[in-house]
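# Examining the three-dimensional arrangement
Here is what each chain is made of, one letter per residue.
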Amino acid sequence: MKTRIPAVLSLTSLALCLVSPVLFFAGKISERTYRLAFLLTSIAWFVFAILWASAARKREGKP
Amino acid sequence: MASRLATLTSHMDKLYEFDREPVSSDKLQSGGKFAGLFAGEHVAATEFVIGAFFVLHGVGARDLLLGLLFGNLLAVLSWTFICAPIAVRTRLTLYWYLRKIAGPGVTFIYNIANAFLYCILAGAMISVSATAIGLAFGIKVPALDAVLPTSVGWVVLTFAIGTAFTTVAVLGFEKLSRFAEVCSPWIFVVFIAGAVAMLPRLGVHPNLDNLWEVATTKIWNGVAVAGQEKLGFGHVLFFAWFCNLAMHVGLSDMALFRYAKKWTYGLFTAFGVYPGHLLAWICSGVMVAAIGRQMDPGRMAFEAAGLAGTFGLLLAGWTTANPTLYRAGLALQTVTPNWPRWKITLVAGAATTVLSCFPVFFLKLLDYVAIYGLVLMPIGAIVFAEHWIFPRLRIEQYMAEKRGWTFNWSALIAWLGTLVICFSLPLHLYFRWLPGWFIALASYTVLMASRRKEGVR
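Everything quoted here is computed from the prediction, not taken from an experiment.

### Overview of the overall build of chain A
In terms of helices and strands, chain A carries two helices and zero strands. A principal-axis box enclosing the C-alpha atoms of chain A has dimensions of 50 × 15 × 10 Å. In chain A, which comprises 63 residues, the proportion classed as buried is 27%. Look at the contacts in chain A between residues 6 or more apart in sequence, and 69% of them connect residues 24 or more apart.

### Comments concerning the overall build of chain B
A tally of helices and strands in chain B yields 18 helices and zero strands. Taking 2.2 N^0.38 as the reference for a compact globule, 457 residues should give roughly 23 Å; the C-alpha atoms of chain B span a radius of gyration of 22 Å, in line with that estimate. C-alpha extents for chain B along the principal axes are approximately 75 × 45 × 45 Å. Evaluated residue by residue, chain B yields a buried proportion of 55% over its 457 residues. Look at the contacts in chain B between residues 6 or more apart in sequence, and 87% of them connect residues 24 or more apart.

### A word on the interface of chain A and chain B
Facing 19 residues of chain A, the contacting portion of chain B comprises 17 residues. Top contributing element to the side of chain A that touches chain B by residue count: helix 2 (residues 31-59) of chain A, with 10 residues. Looking at the side of chain A that touches chain B residue by residue, the classes come out as 16 nonpolar, two polar and one charged.

### Quick look at the packing of helix 14 (residues 365-393) of chain B against helix 17 (residues 433-449) of chain B
All names here are of chain B. For the pair helix 14 and helix 17, the least separation of the axes is 8 Å and the interaxial angle reads 45°. Taken together, helix 14 and helix 17 sit at an angle that is classed as oblique. Two packed elements cross with a definite hand, and for helix 14 against helix 17 that hand is right-handed. For the pair helix 14 and helix 17, contact is made by Gly 373, Leu 374, Met 377, Pro 378, Ala 381, Ile 382, Phe 384, Ala 385, Ile 389 and Leu 393 and by Trp 433, Gly 436, Trp 437, Ala 440, Leu 441, Tyr 444, Thr 445 and Ala 449, respectively. Of the residues belonging to the contact of helix 14 with helix 17, the class tally is 15 nonpolar, three polar and no charged.

### Digging into the environment of Ser25(B)
For Ser25(B), the location among the structural elements is in the loop between helix 1 (2-15) and helix 2 (31-39). For Ser25(B) and Arg451(B), which are 426 residues apart along the polypeptide, the C-alpha to C-alpha distance reads 36 Å.

### Here we look at unusual backbone geometry
Residue and element names in this part refer to chain B. A positive phi angle, near 60°, is found at Arg 91, a position not held by glycine. With respect to the helices and strands, Arg 91 occurs in the loop between helix 4 (61-90) and helix 5 (94-137). Accessibility expressed as a C-beta count within 10 Å gives 21 for Arg 91, which makes it buried. The phi dihedral of Tyr 398 is positive, around 55°, even though this residue is not glycine. Tracing the sequence through the fold places Tyr 398 in the loop between helix 14 and helix 15 (399-403). Residue class for Tyr 398 comes out partly exposed when judged on the 14 C-beta atoms lying within 10 Å of it.

### With respect to the nonpolar core
All names here are of chain B. Core analysis: the biggest nonpolar cluster contains 176 residues, and Val 286 and Ile 382 have the highest contact counts within it. The element contributing the most residues to this core is helix 5, with 23 residues. Ile 382 has contacts with Ile 101, Ala 102, Ala 411, Ala 414, Trp 415, Ala 440 and Tyr 444, leaving out every residue within four places of it along the chain.

### Points about helix 14 of chain B
Residue and element names in this part refer to chain B. The terminal C-alpha atoms of helix 14 lie 40 Å apart, and with 29 residues this matches the ideal 42 Å at 1.5 Å per residue to within 8%. Remark: the principal bend of helix 14, roughly 35°, maps to Glu 386. Backbone geometry just downstream of helix 14 places Arg 394 in the positive-phi region, at approximately 55°.

### Focus on the confidence of the model for chain B
For chain B, the mean per-residue pLDDT works out to 86, and 92% of the residues sit at or above 70. Interface confidence for the predicted complex, given as ipTM, is 0.93, next to a pTM of 0.88.

### Some points on the environment of Leu148(B)
Residues and elements named next belong to chain B. You can see Leu 148 is positioned in the loop between helix 5 and helix 6 (152-202). By C-beta crowding, Leu 148 is classed as exposed, having 10 other C-beta atoms within 10 Å. C-alpha of Leu 148 to C-alpha of Asp 253: the two residues are 105 residues apart in sequence and 34 Å apart in space.

### Here's the deal with the environment of Leu68(B)
All names here are of chain B. Mapped onto the elements, Leu 68 comes out in helix 4. The exposure class of Leu 68 is buried, given the 24 C-beta atoms found within 10 Å. Taking the C-alpha atoms as reference, Leu 68 lies 9.7 Å from Val 273; in sequence the two are 205 residues apart. With sequence-adjacent residues up to four places away left out, Leu 68 is seen in contact with Val 236, Ala 240, His 277, Leu 278 and Trp 281.

Basis of the calculations
- Residues numbered from 1 in each chain as written.
- Chains lettered and ligands numbered in written order.
- Predicted model: local features only at pLDDT ≥ 70, side-chain atom pairs only at ≥ 80, totals over all residues.
- Helix = DSSP H or I, 4+ residues; strand = E, 2+ residues; numbered from the N terminus.
- Buried ≥ 20, exposed ≤ 12 C-beta atoms within 10 Å, placed from the backbone.
- Contact = placed C-beta atoms within 7 Å.
- Rg over C-alpha atoms; globule rule 2.2 N^0.38 Å.
- Nonpolar A, V, L, I, M, F, W, Y, C, P; charged D, E, K, R; others polar.
- Axes fitted to C-alpha atoms, helices over the stretch in contact; angles between N-to-C directions.
- Parallel < 35°, antiparallel > 145°, perpendicular 65-115°, else oblique.
- Left-handed = near helix turned anticlockwise from the far one by under 90°.
- Core = buried A, V, L, I, M, F, W, Y, C linked by C-beta atoms within 7 Å.
- Expected span 1.5 Å × (residues − 1).
- Bend = angle between axes of the 7 residues up to and from the residue.
- pLDDT = per-residue confidence, 0-100.

Have a look at this one:
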């Protein structure tokens, strides 16, 4: 459970990273919005992925 | 001299002591683990440069797609049919297997050559990262024909980044390795996002109806930029095949495959090469075309993905230069056996930092990758001959180990002789390794066959 939540959140962030350029390409958002959205979803990925990796290591008994 | 060499050899053995024994069956890894391992590899800062260079070299769209498709297939098959079977049968690293075959002296030379080549590669990664930071400070990327540093700003920048990378590697290699695992999938996403976001600039319609037309006229239009050699299908095919030559045909990935349950796990390398050496190269090609076909990875990443793109490029350089520095340090530690890990990493980092000031290493990256593979490839051929051909020709195997030779001169002559021949072959640099492999294989077999009597005596 402790690994599942950050895992889901990090993978969602990564998927969202790909949504913003597609929306920009389709003309639905501006370039500025795309860049901001990409930056924010990227930060989210790093936060949740690091939490996920740390929880996974703890579960495996690694420091 | 002999006692000095014996001391070096003994220290070198201690360094690799932890993997001296063949891998036991309880430590073998599943296919899923291999798929995951390879999926995280092959997306480095250099992908920003390689894919872009194909555009600058005037590769056509069809040539690029077919070349990458089949070239990567040949690379996967090389891992599967050349590297993995030997690793699975011996369960040894190349270091220990080569030691049995060529003796500790040749293994030592191989290590030093490897360390030097690793330092240049890490230096190229630092240079690529420098283009990302240089953009913020208005430092121009050196021109395509630059060999020496072009400005004081460039030298200061590469020194600063090299120092930062080295310091982090000295302070905590393992933590950064863990961080690299987190970065890897995101860096791949940066490539995809950057390319998709650049498509409108190239005039691709949202319904993609003119995608192929744009690809063939504005991206891979078959026209090389001024001063760049024109490359075609064969060059792309061979480049995709040899860009990991030291790992597959050169057998250094025996270190990984000795943990494989079956040799067919070599096929899992497809999970790494197709995203990294096909998709990422295509994406960087799109990005460079969108910024007016200029070799400026920093500007490319920034314009394609904003600040996140700049960080992506920086992290791609950082996370891939780090293990390269580590490997270089490990190889160099054979010369300075009593030095602690931090000290040797510092030396490798300092050498790498100096090399990174010279733009030639990243501006001639395609040629460097070819030379890197070419230099180490004969060792793979020598090991292949000893493993598969010698038993069939009834040539005694592992004579160096059995007779206690420090240098197997036949291996050294075959290695160096092959390189001399390869560098004088009237072929394009990209194609030389293939005849070279057969030359190394044949010459080593003939030389060792002629020593059969010596072995009997």
